[in-house]
Amino acid sequence: MTGALHAGLILFTVVVVSESEPTPVGTDRTGDLHGQSRFVHLTSQWALVLVNDSLDIFRAESSCRGQFSSLSTLDQSEVREGAMDLLRQARLQSPVWINSTSELPSKPLPLSKQYLQFAALNFPKTSREGFARINRSFPALSSISVCVRVQWDPEWNEVSTIFSYAAPVFTNEFQLRGQKDMQGRIVLALIVHGKHLPYKASFANDGAWHHICVTWSSSLWAIYVDAERKDMGLGTDTSRDIHADGILILGQDQDSFGGNFTEPFFGNITDLNVWNTSLESRHVRALNGCSAMSQVMLFSWNLGHVISHPSVKEVQALLFCPERYLKMKQISDSQSSQPTAFMNHLMKLSNNSQAVLGQQPSGLSSLGEASALLDVSVQALQDTRQEGLQPEDMVSLIQLLSLAADVPLQPTDGANHSEESVQELSQHFISVADSVISQDNAFKWQAIKEVVNGPMDVVKSIDRMVTSLSPRLMAESDHVTFQSPNIKLAVQQQRLWEPTKGSSFCGPESEKHSNPDCISVPYQKIQDLHNNGFHKLTLVNTWYGSLRPLFNPEENISMVPTVTDGSQRYLGTILGSSVISTTVLGDDQPVSTAVRFQLHHKVQNSAGAVYEPVCAFWDFTLTPEAGGWWNTKGCKVVSKQYDYTVCYCNHTTNFALLLQVYEDQPSPENKKALQVLTFIGCGVSLCGLLFTFILFIVVGVPKSDRTTVHKNLIFALGVAELLLMCSDWASANEAACFVVTALLHLFFMASFSWMLVEGLLLWSKVVSVNISEDRRMKLYYVIGWGLPIVIVVVTLALTVNEYKADGHCWLNLKTGTIWSFVGPVVFVLAVNSVVLCRVVMVTVSSARRRAKMLSPRSASKMQTFDLTWAVTRPVLILLPVLGLTWLCGVLVHLSIVIAYIFTALNAFQGLYIFLVYAVYNSEVRNAIKRIKEKRKALSFTNCSQPTTFTPSQRAPKTSWDRSPPTPSSPETSETSGPPSSICTSLVIKNESFRKEGFVGFAFKPTSGNQVVQLTAFKQSGC
């Protein structure tokens, strides 16, 4: 950790040069709270601070850590010149502590706030021809990330193309465009493989610079604006690679390969970079903070590699990037001028506390000083519990913990501090740490993310503190435990030549779980340490109940899905357990060994979601600009149960369970089968609805409120199913898909509204309702058409940017938009369920009355049949008509079989309505019967043939009615003889003849006996 400012000079003491992040260039002299002079030199990338204090190397490093900085390296000429300038300003020639670049594993990347200058391209509105071409050849890409900084012209309202990548075989290969929406914001959309994804990601049209990143990999895409993920999804139909040898154009859309530019961009563009990988959220955050990335880039912003149109001019842009040094200075000044309630109370308890909790450069010199500060801090925390901690207080306390953890143990400390006092210091340390990482402060970390690396900075301080104090803690006992509401820490010591006492450690017991979170070192691994020559083993185990390592506790963790068979859709990864850790010291030196741990799930499987546990640990070496990240290397799942998982890792560190969240979805085969079934069912239903509607009009069904309601329901449902069949074709066009979505919403909503009217009409027939038919129909039209129109219009007005789902033409399921359909539907189904129950009760009551009228011998048998039919008949008839088959949708997530049943019942709903309203509708059948009878009457005279029966033929029992024939009646007819020959005419009702046959008898006088002639007429089939 040492190096030389001047060659050959050995460094020992006096001055620290600490390295923070970029600020404006210049040198400044400040004073700390102790009156010591401090010199600051601000370069284009770093803030160099020269502190005039006598420190050894250990305390020099501790002092830098306490200010969230590090010892400076002099590997850059600008830094070396700044350091020399600081020494000249201070008029010091003493040696300084610096970091040796050869011993640094990686250089910390800055996360700070600062204005930086970039070379930018200006696209003026004076010309629509402006463009810039990236002079770079691109390979075929299975993944891609493009990040750019954009300053939009606030007065431009039309669609603009930020960049477009066209390949020789496909022009719209990869493109980012934007436009102003109705709210005046700029909305962004991505085009991949020619498919236009939705306009959803947005930023304010304020004329300021905005950082935009788009990522794509295997159809998974995301859009980030100013380090926040604004949109993501699986939005492309194919997962093929992006074609190679394309042309990347800034500011224009390529309608042909490298030409025919349209949809120009007006404003400024700078800092465009391209990677052949899909960046994660933490990378985007670092880029937004002007931090360098370790990933190799396909293209790095350099105007020397950009060919511009003459109208495009180069300008200099001043961008605001995160800066730690200025944020720390702001917090320090704020605490000095306007101290918080906690700091005020702390200063009352101790006049020296505020100085150390502020910017104390020297650190803490002894355990006594650290113990006193921790003691008053704990007391101040207890006294100001109601007010809570402010972000500035959290920074001060994190500094205190870092400095206290680095207090060097002096030989005199053993005499001055007993084991009891060291344990008290440790308990106070844990109490302060608990207050900082408490769940109450979960959302306060965002305010200080430019300064600290998150809650894991506290964990690092705890590890350093316990490792440093473990010899004193174990001086007189083999086991000691410290506990607070969110932290439990245990230190145990074993002498390896003695029989082992076990190495298991468990967190606090919980009422919810029978077994607590536990971690242990396998017995065989302890024996291996003994065989390797270790004599004493110290185990430091810690449990954190409310620790959330990320700044935002609700932030999704980027991770590759573990389930890739297509049966489930990956939604994201979350921290799903407490954090537990083990540090192993062999003869007071850190060693790594395998561990086994069991952690309970903090979230349980919910309806439609499945959680897949992943064993992980926090790796401080990953992404140092963010303080580390989750890693799964060397860890595996041993067993998993409903509420806990057992893991095995081959090293020691801080462990947790990450739960990957999946949504059940049908397999590709089932998905295809359901689509085919839906299409066929909708086609059959559409034909059934069309036939029913035609029958209602053609056959002359008498007009009534019931037939009017039927016609409106048939029309609304028919249009809805026609739109549903066409929605897949409309999804290729964004505007058409939006219109189809709105129409689907309207007509399906109207269908359910008329189903509600069907229920209300049925209720009015079952229960007496004193309301005129005209007034009732007006109410029905308001419910059937007025209510759906109001719902759709209000929904569009409130959620126009989040109205449509991504990738298909239907309402957005990820936002609250879907409830504008689901809510009314649930209400309709509830009302119609009550109506159905009432109808069943009435029919059962009628069946019982009929049963009482039967003879006693058959009453029991008939009563059972009638009651069964009284329940079954209205259910079969009314379930599809009232829309109650949609109740199956609540259970679809439980089984693919229910999904098939739900699809079949609702896809064929039109067929059910055809059967109920047409085939088995008495009004329709009577109308058809009347039409048939009229046709028979018209064709009777021309299409009849006589048939004569002799009196000897046997005939069944007949009933006679003596009456004169009526020529106009279709039920009588004259005989074929002359009128003068008839004495008497009879009309006979003979049950052996078909209804279409008519029978007449004529008594004719003859020359001898009276003869009866029977003549029957039947249709000849003409």
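Residues numbered from 1 in each chain as written. Predicted model: local features only at pLDDT ≥ 70, side-chain atom pairs only at ≥ 80, totals over all residues. Heavy atoms only, no water.

Q: Would you mind showing me how to read the overall build of the chain here?
A: Helix and strand counts for the chain come out as 21 helices and 43 strands. Among the 1022 residues that make up the chain, the fraction classed as buried is 49%. Across the chain, the fraction of contacts at a sequence separation of at least 24, relative to all contacts at a separation of at least 6, is 73%. Total accessible area on the chain stands at roughly 48400 Å², and carbon and sulfur atoms take up 55% of it. (Helix = DSSP H or I, 4+ residues; strand = E, 2+ residues; numbered from the N terminus. Buried < 20%, exposed > 50% of the residue type's maximum accessible area, 1.4 Å probe, protein only. Contact = heavy atoms within 4.5 Å. Areas by Shrake-Rupley, 256 points an atom, 1.4 Å probe, with all protein chains shown as cover.)

Q: What should I look at first to understand the pattern of salt bridges in this one?
A: Any two side chains of opposite charge can pair, on the condition that their charged atoms come close. Overall, the coordinates contain twelve salt bridges when judged by the stated rule. Between Lys125 and Asp153 there is a salt bridge, with its nearest N and O atoms 3.8 Å apart. With Lys125 in the loop between strand 7 (113–123) and strand 8 (132–134) and Asp153 in the loop between strand 9 (143–152) and strand 10 (160–167), this residue pair connects regions lying 28 residues apart in the sequence. Residue Asp153 is classed as buried on the basis of its relative accessible area of 17%. A salt bridge links Glu734 to Lys804; its shortest N-O distance comes to 4.0 Å. Placement of the pair is Glu734 in helix 15 (residues 734–766) and Lys804 in the loop between helix 16 (773–798) and helix 17 (819–852), with a sequence separation of 70 residues. Residues joined by salt bridges that share partners form a network here, namely Lys125, Asp153 and Glu155. (Salt bridge = Lys/Arg side-chain N within 4 Å of Asp/Glu carboxyl O.)

Q: Honestly, the confidence of the model for the chain in this entry has me stumped. Any pointers?
A: Any segment with low pLDDT has predicted coordinates that should not be analysed in fine detail. Averaged over every residue, the pLDDT of the chain is 75; the share at 70 or more is 69%. Contacts for the low-pLDDT stretch residues 1–36, under 50 throughout, to residues beyond four places or in other chains number 146 contacts. Per-residue pLDDT stays below 50 along residues 947–1022; that stretch engages in 100 contacts with residues further than four places along the chain or on separate chains. (pLDDT = per-residue confidence, 0-100.)

Q: I would appreciate a short explanation of the sheet that holds strand 37 (residues 644–649) in the present structure.
A: The strand order across the open sheet formed by five strands is 27-28-33-37-36, and the pairing between neighbours is antiparallel. In this open sheet, the two edge strands, each paired with only one partner strand, are strand 27 (505–506) and strand 36 (635–640). (Pairing = 2+ DSSP bridges.)

Q: Looking at this structure, how should I read helix 14 (residues 705–730)?
A: Owing to its 3.6 residues per turn, the α-helix brings residues three or four apart onto one side. A rise of 1.5 Å per residue sets the reference length of helix 14, with its 26 residues, at 38 Å; its end C-alpha atoms lie 37 Å apart and thus fit the reference within 8%. Where helix 14 bends most, at Leu724, the angle is about 30 degrees. (Expected span 1.5 Å × (residues − 1). Bend = angle between axes of the 7 residues up to and from the residue.)

Q: Would you mind showing me how to read the nonpolar core here?
A: One recurring pattern in soluble globular proteins is that nonpolar side chains are buried together. The biggest cluster of nonpolar side chains holds 62 residues, and the ones touching the most others in it are Trp445, Val458 and Ile462. The contacts of Ile462, once residues within four sequence positions are left out, are Phe429, Ile430, Ala433, Ile487, Leu489 and Tyr544. Listed in part, the 45 residues of the second largest apolar core include Phe748, Cys809, Val924 and Ala927. (Core = buried A, V, L, I, M, F, W, Y, C linked by side-chain atoms within 4.5 Å.)

Q: How should I be thinking about the state of the cysteines in this particular structure?
A: Should the sulfur atoms of two cysteines be covalently bonded, the bond is a disulfide. Inspection of every chain in the model, using the stated rule, returns five disulfides. The disulfide bridge from Cys506 ends at Cys518, spanning 1.9 Å between sulfur atoms. Handedness of the Cys506-Cys518 disulfide follows from its S-S torsion of about 105 degrees: it is right-handed. Of this pair, Cys506 sits in strand 27 while Cys518 sits in strand 28 (residues 518–520); the two residues are twelve residues apart in sequence, bridging distant segments of the chain. On the basis of relative accessible area, Cys506 is assigned to the partly exposed category, the value being 26%. Bridging Cys737 to Cys809, the disulfide has an S-S length of 2.0 Å. (Disulfide = S-S within 2.5 Å.)

Q: Even after reading the chapter, I still don't get the side chain of Thr817, so can you show me in this structure?
A: Within the secondary structure layout, Thr817 lies in the loop between helix 16 and helix 17. Overall, the relative accessible area of 2% leaves Thr817 in the buried class. Not counting the four nearest positions on each side in its chain, Thr817 is found in contact with Thr795, Thr799, Glu802, Tyr803, Leu811 and Asn812.

Q: Is there a simple way to think about the side chain of Lys488 in this case?
A: Note that Lys488 resides in strand 26 (residues 487–495). From its side chain, Lys488 meets the backbone oxygen of Cys506 in a polar contact 3.0 Å long. Leaving out residues up to four positions away in the same chain, Lys488 has contacts with Thr481, Phe482, Gln483, Phe505, Cys506, Gly507, Pro508, Asn541, Thr542 and Trp543. (Polar contact = N/O pair within 3.5 Å; in protein donor to acceptor, adjacent residues only side chain to side chain.)

Q: In this structure, what is going on with a nonpolar patch on the surface? I would like to understand it.
A: On the surface, a cluster of nonpolar side chains totalling about 490 Å² of accessible area is made up of Leu690, Phe691, Ile694, Ile697 and Val698. Looking at where Phe691 falls in the secondary structure, it is placed in helix 13 (residues 668–698). Looking at Phe691, the relative accessible area reads 46%, which means it is partly exposed. (Patch = residues over 30% accessible without salt bridge, like charges linked within 9 Å, V, L, I, M, F, W, Y side chains within 5 Å.)

Q: Would you mind showing me how to read the pairing of strand 10 here?
A: Two faces, one strand: in a regular strand the side chains alternate between the faces of the sheet. For strand 10, the buried fraction is high: eight of the eight residues fall into the buried class. Strand direction decides the pairing type here: strand 10 and strand 11 (residues 170–180), joined by six bridges, are antiparallel. By the bridge assignment, Thr161 is partnered in strand 11 with Arg177. Connecting the antiparallel pair strand 10 and strand 11 is a turn made up of two residues. Note: strand 10 against strand 18 (residues 247–250), four bridges, orientation antiparallel. Among the inter-strand pairings, Ala166 is bridged to a residue of strand 18, identified as Ile247.

Q: Is there a simple way to explain the packing of helix 13 against helix 14 in this structure?
A: The description of two packed helices rests on the angle between their axes and on the distance between the axes. The N-to-C vectors of helix 13 and helix 14 enclose an angle of 150 degrees; their axes lie 9 Å apart at closest approach. It follows that helix 13 is roughly antiparallel to helix 14 by the angle criterion. Between helix 13 and helix 14 lies a crossing whose hand is left-handed. When helix 13 is examined against helix 14, the residues Thr678, Phe679, Cys682, Gly683, Ser685, Leu686, Leu689, Thr692, Phe693 and Phe696 are found in contact with a partner set consisting of Thr707, His710, Lys711, Ile714, Leu717, Gly718, Glu721, Leu722, Leu724, Met725 and Trp729. Across the contact of helix 13 with helix 14, the residue classes break down as twelve nonpolar, seven polar and two charged. (Axes fitted to C-alpha atoms, helices over the stretch in contact; angles between N-to-C directions. Parallel < 35°, antiparallel > 145°, perpendicular 65-115°, else oblique. Left-handed = near helix turned anticlockwise from the far one by under 90°. Nonpolar A, V, L, I, M, F, W, Y, C, P; charged D, E, K, R; others polar.)

Q: Explain the packing of aromatic side chains to me, please; I cannot follow it from the model alone.
A: Think of a pair of aromatic rings as described by two things: how far the centres are apart, and how the planes are tilted against each other in angle. Evaluation of the coordinates by the stated rule reveals 20 aromatic pairs. One aromatic cluster is present, formed by Phe715, Phe747, Trp754, Tyr781 and Trp785 through successive ring pairs. Across the ring face of Phe138, the terminal group of Arg136 is positioned such that the distance to the ring centre comes to 5.9 Å. The lysine or arginine in question, Arg240, covers the ring of Phe170, its NZ or CZ lying 5.6 Å from the ring centre. (Phe/Tyr/Trp six-rings, centres within 6.5 Å; stacked < 30°, edge-to-face > 60°. Lys NZ or Arg CZ within 6 Å of the ring centre and 35° of its normal.)

Q: I would appreciate a short explanation of unusual backbone geometry in the present structure.
A: Both trends apply: most residues other than glycine have a negative phi, and most peptide bonds are in trans. Residue His193 is not a glycine yet carries a positive backbone phi of 55 degrees. Tracing the backbone shows His193 in the loop between strand 12 (186–192) and strand 13 (195–196). One non-glycine residue, Asp226, lies in the positive phi region at around 55 degrees. Mapped onto the elements of the fold, Asp226 is located in the loop between strand 16 (220–225) and strand 17 (228–234). Overall, Asp226 belongs to the partly exposed group, its relative accessible area being 30%.

Q: I would appreciate a short explanation of helix 3 (residues 281–288) in the present structure.
A: Within helix 3, seven of the eight residues are buried, leaving the element largely enclosed by the surrounding structure. When we look at burial in helix 3, the residues that qualify are Ser281, Arg282, His283, Val284, Ala286, Leu287 and Asn288.

Q: Where do I start with the packing of helix 7 (residues 367–383) against helix 8 (residues 391–405) in this structure?
A: Close contact between helix 7 and helix 8 brings their axes to 10 Å; oriented N to C, the two are set at 150 degrees. The angle between helix 7 and helix 8 places the two elements in the roughly antiparallel class. Taken as a pair, helix 7 and helix 8 cross one another with a handedness that is left-handed. Residues Ala370, Leu373, Leu374, Ser377 and Leu381 of helix 7 form the contact with helix 8, whose participating residues are Leu397, Leu400, Leu401 and Ala404. Of the residues that constitute the contact of helix 7 with helix 8, the class distribution is eight nonpolar, one polar and no charged.

Q: Can you walk me through the environment of Pro508 in this structure?
A: Along the polypeptide, Pro508 turns up in the loop between strand 27 and strand 28. Residue classification places Pro508 among the partly exposed positions, given a relative accessible area of 24%. Separated by 37 residues in sequence, Pro508 and Gly545 place their C-alpha atoms 9.1 Å apart. Those residues within four positions of Pro508 in sequence are excluded, and the remaining contacts are Gln483, Lys488, Pro516 and Trp543.

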